[in-house]
Amino acid sequence: MSKPRKKYWEMTADELAAATKEFDQEGVADTFDAMTPTEEAVWQAAVRKRPRGRPVNGRGVKVISLGIEAGLLERADALAKKRRISRATLVAEGLEAVLRKNKGK
C-alpha cells in the first residue's frame, strides 16, 4: 500500500513543483493510452451520476404562471431581498404557512 500523498494546498512550493513535474512537459496528453473497457465503464458510470439542472427539492419543481398584484409583488421582492432568499423561496414559505394554518379545516 502506498503512502498517502499530501494535499496540494498543504505542500511547500518545492513539494508542489516535484509533485506536478510530469505536467510541465509539452504534449503530455499525447502519451496517454486509450481507456480499457473497464476504465470506460467506470468513466461512463461517473458521467451518468452527474446531476443535471437544479437540485431537486421535495418531489421536484413544477413551474407555473401566476398573476399577482404589482404592489404585492414589489413588497414580496423587497422582503425576499432583505432576507437574502429567492422570490420562489418566499412564496413557498408563505404557501407552507397558509397550508399549516388551514390543516384539518
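Here the structure is a predicted model, which is why all the values come from computation and not from measurement. (Residues numbered from 1 in each chain as written. Predicted model: local features only at pLDDT ≥ 70, side-chain atom pairs only at ≥ 80, totals over all residues. Heavy atoms only, no water.)

Engineer: Honestly, the overall build of the protein chain in this entry has me stumped. Any pointers?
Structural biologist: When you go through the protein chain residue by residue, the secondary structure sums to four helices and zero strands. Each helix and strand of the protein chain, ordered N terminal to C terminal, gives the series α-α-α-α. Since a compact globule built from 105 residues should have a radius of gyration of about 13 Å, the 26 Å found for the protein chain marks it as more spread out than a globular shape. Projecting the C-alpha coordinates of the protein chain onto the three principal axes gives extents of approximately 65 × 40 × 30 Å. Out of the 105 residues in the protein chain, the part that is buried amounts to 4%. If you sum the accessible surface of the protein chain, you get close to 10600 Å²; carbon and sulfur atoms cover 57% of it. (Helix = DSSP H or I, 4+ residues; strand = E, 2+ residues; numbered from the N terminus. Rg over C-alpha atoms; globule rule 2.2 N^0.38 Å. Buried < 20%, exposed > 50% of the residue type's maximum accessible area, 1.4 Å probe, protein only. Areas by Shrake-Rupley, 256 points an atom, 1.4 Å probe, with all protein chains shown as cover.)

Engineer: I keep staring at the pattern of salt bridges and nothing clicks. Help me out?
Structural biologist: Note on pairing: side chains with opposite charge can pair once their charged atoms come close. A complete count under the given rule lists three salt bridges for this structure. Two residues, arginine 87 and aspartate 77, come together in a salt bridge whose shortest N-O distance is 2.7 Å. Linking arginine 87 in helix α4 (residues 87-101) with aspartate 77 in helix α3 (residues 70-83), this pair joins segments that are 10 residues apart in sequence. Here glutamate 93 and arginine 83 are joined by a salt bridge, their closest N and O atoms 2.8 Å apart. Of this pair, glutamate 93 sits in helix α4 while arginine 83 sits in helix α3, and the two are 10 residues apart along the sequence. Taking relative accessible area as the criterion, glutamate 93 reaches 34% and is therefore assigned partly exposed. The exposure class of arginine 83 is partly exposed, given its relative accessible area of 40%. (Salt bridge = Lys/Arg side-chain N within 4 Å of Asp/Glu carboxyl O.)

Engineer: What exactly am I supposed to notice about α3 here?
Structural biologist: Here α3 contains 14 residues, and its C-alpha end-to-end distance of 20 Å stays within 8% of the 20 Å for a straight helix at 1.5 Å per residue. A side-chain oxygen of the first residue of α3 lies 3.0 Å from the backbone nitrogen of glycine 71; this N-cap is glutamate 69. Two residues or fewer past α3, arginine 84 is found with a positive phi of approximately 60°. (Expected span 1.5 Å × (residues − 1). Polar contact = N/O pair within 3.5 Å; in protein donor to acceptor, adjacent residues only side chain to side chain.)

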